[in-house]
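Coordinate inspection notes
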Amino acid sequence: MHPYETIPLNIAGFIVAAWLILSHLWMLLKSDDAIAFLQKFPRNGKAGTILMAIGMLWFWLLVVPFKSPIAMDLGEFNGAKNILLAAVPVVAFLMITHVREFLAVRGLGVVCLMAAAPLLAAAFQEPATGKVLIPLFAYGVLTAGLFFVGMPYLLRDAINWATASAGRFKGLVFGGLAYGVAVLACSILWY
C-alpha cells in the first residue's frame, strides 16, 4: 500500500481548507500586498527556483529505484527508474538555470501536479457526504498544473484579469474563501 493511500480524508480536507482559508484571508485583509505579490509572481526567479526544486524532488522521490518513503511501482516502466534517477536531477538543474522565463509558474505547475495525487488518493472510495469537494479541488489543481507547465503565460493573463478591478478581485477571493469554509465544514461534519 502506497503512503498516499493511508491519508485520511479528513486530514486532506483540513489541509485543503487551511490552505484556501488562510491564503484567501490574506488576500482579503491585505489586498494591495496580495495584488502586488500576484502580479510579480510569474517572473519571480527565487520563487521559481524553490518551487521547481520542490516539485522535481517530490517527483524524483516517487520514481527512484531505491527505497524512498513515497516510491511508486511503475509497473512495466520500472526499468526506466535507473534512467530517471539521473535524468530528473539533470532536467531540474537545466530548467532552473536555463528556462528562467516564467519559472515560478512552471515550478508551481509541477508542485500542483504532484499535490493532486495525495488528495485524490485520500478521497478514493470514500463514502463521505460532500467528499466531492476534495477531488474537485484536486482535478482543478491538476488541470491548472498542466496549463502552468505548458502555457505559463496564461497565469500571468489570469492574474491581470483578476486584479483589473477591485470588485472582481474581491469576488474571486470571497469565492475561494467560501470553498475553503465548505471544505472545512465537510471535514468537521462528515469526513
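The sections below set out a description of the structure shown in this document. The residue numbers shown here count from 1 along each chain, following its written sequence. Where totals are concerned, whole chains, interfaces and linings use all residues; where local detail is concerned, this predicted model gives features only for residues with pLDDT of at least 70, and gives and counts side-chain atom pairs only at 80 or more. Excluded from the side-chain calculation are hydrogens and water; included are all heavy atoms of the structure.

This brings us to helix α4 (residues 81-98). Under the DSSP-based scheme used, a helix requires at least four consecutive residues in state H or I and a strand at least two consecutive residues in state E, with every element numbered from the N terminus. Multiplying one less than the number of residues by 1.5 Å gives the expected span of a helix. For α4, with 18 residues, the first-to-last C-alpha span of 25 Å sits near the 26 Å given by 1.5 Å per residue. Each residue is assigned a bend, namely the angle between axes fitted to the seven residues that terminate at it and the seven residues that start at it. Along α4, the largest kink reaches about 30° and is centred on alanine 87; proline proline 89 follows within four residues of it. Where the residues of α4 are buried, they touch α3 (45-63) and α5 (103-123). A contact between two residues is defined here by any heavy atoms of the two lying within 4.5 Å.

The next subject is the pattern of salt bridges. When charged atoms on two side chains of opposite charge get close, those side chains can pair. Here, a salt bridge means any side-chain nitrogen of Lys or Arg that lies within 4 Å of a carboxyl oxygen of Asp or Glu. Under the counting rule described, the total for this entry stands at two salt bridges. With its nearest N and O atoms 3.0 Å apart, the salt bridge here joins arginine 156 to aspartate 157. Under the scheme applied here, a residue whose accessible area is under 20% of the maximum for its type counts as buried, over 50% as exposed, and between as partly exposed, the area being computed with a 1.4 Å probe on protein chains only. A relative accessible area of 34% places aspartate 157 in the partly exposed class.

A few words now on the packing of aromatic side chains. What characterises a pair of aromatic rings is the spacing of the ring centres plus the angle enclosed by the ring planes. Between rings of Phe, Tyr and Trp, where Trp is taken as its six-membered ring, a pair exists when centres lie within 6.5 Å; planes separated by under 30 degrees are stacked, by over 60 edge-to-face, and by other angles tilted. Within this structure, the stated rule accounts for two aromatic pairs. Pairing tryptophan 26 with phenylalanine 37 gives two aromatic rings, centres 6.0 Å apart and planes at 75°, and the pair type is edge-to-face. Residue tryptophan 26 is found in helix α1 (residues 9-29), and its partner phenylalanine 37 is found in helix α2 (residues 31-40); the two are separated by eleven residues along the sequence. Residue classification places phenylalanine 37 among the partly exposed positions, given a relative accessible area of 42%.

Let us now look at the nonpolar core. Side chains that are nonpolar tend, in soluble globular proteins, to be buried together. Among buried residues, the Ala, Val, Leu, Ile, Met, Phe, Trp, Tyr and Cys ones that are joined through side-chain atoms within 4.5 Å form a nonpolar core. Counting 30 residues, the largest nonpolar core has Val16, Leu119, Ile134 and Tyr191 as the members making the most contacts within it. Of all elements in the fold, only α1, α3, α5, α6 (133-150), α7 (153-162) and α8 (166-189) reach the threshold of two or more residues within this core. Once you skip the residues sitting within four places of it in the chain, tyrosine 191 turns out to touch Leu9, Asn10, Gly13, Ala128, Thr129, Gly130, Lys131, Leu133, Ile134, Val183 and Cys186. Counting nine residues, the second-largest nonpolar core is a separate cluster that includes Met52, Trp60, Ala92 and Leu103.

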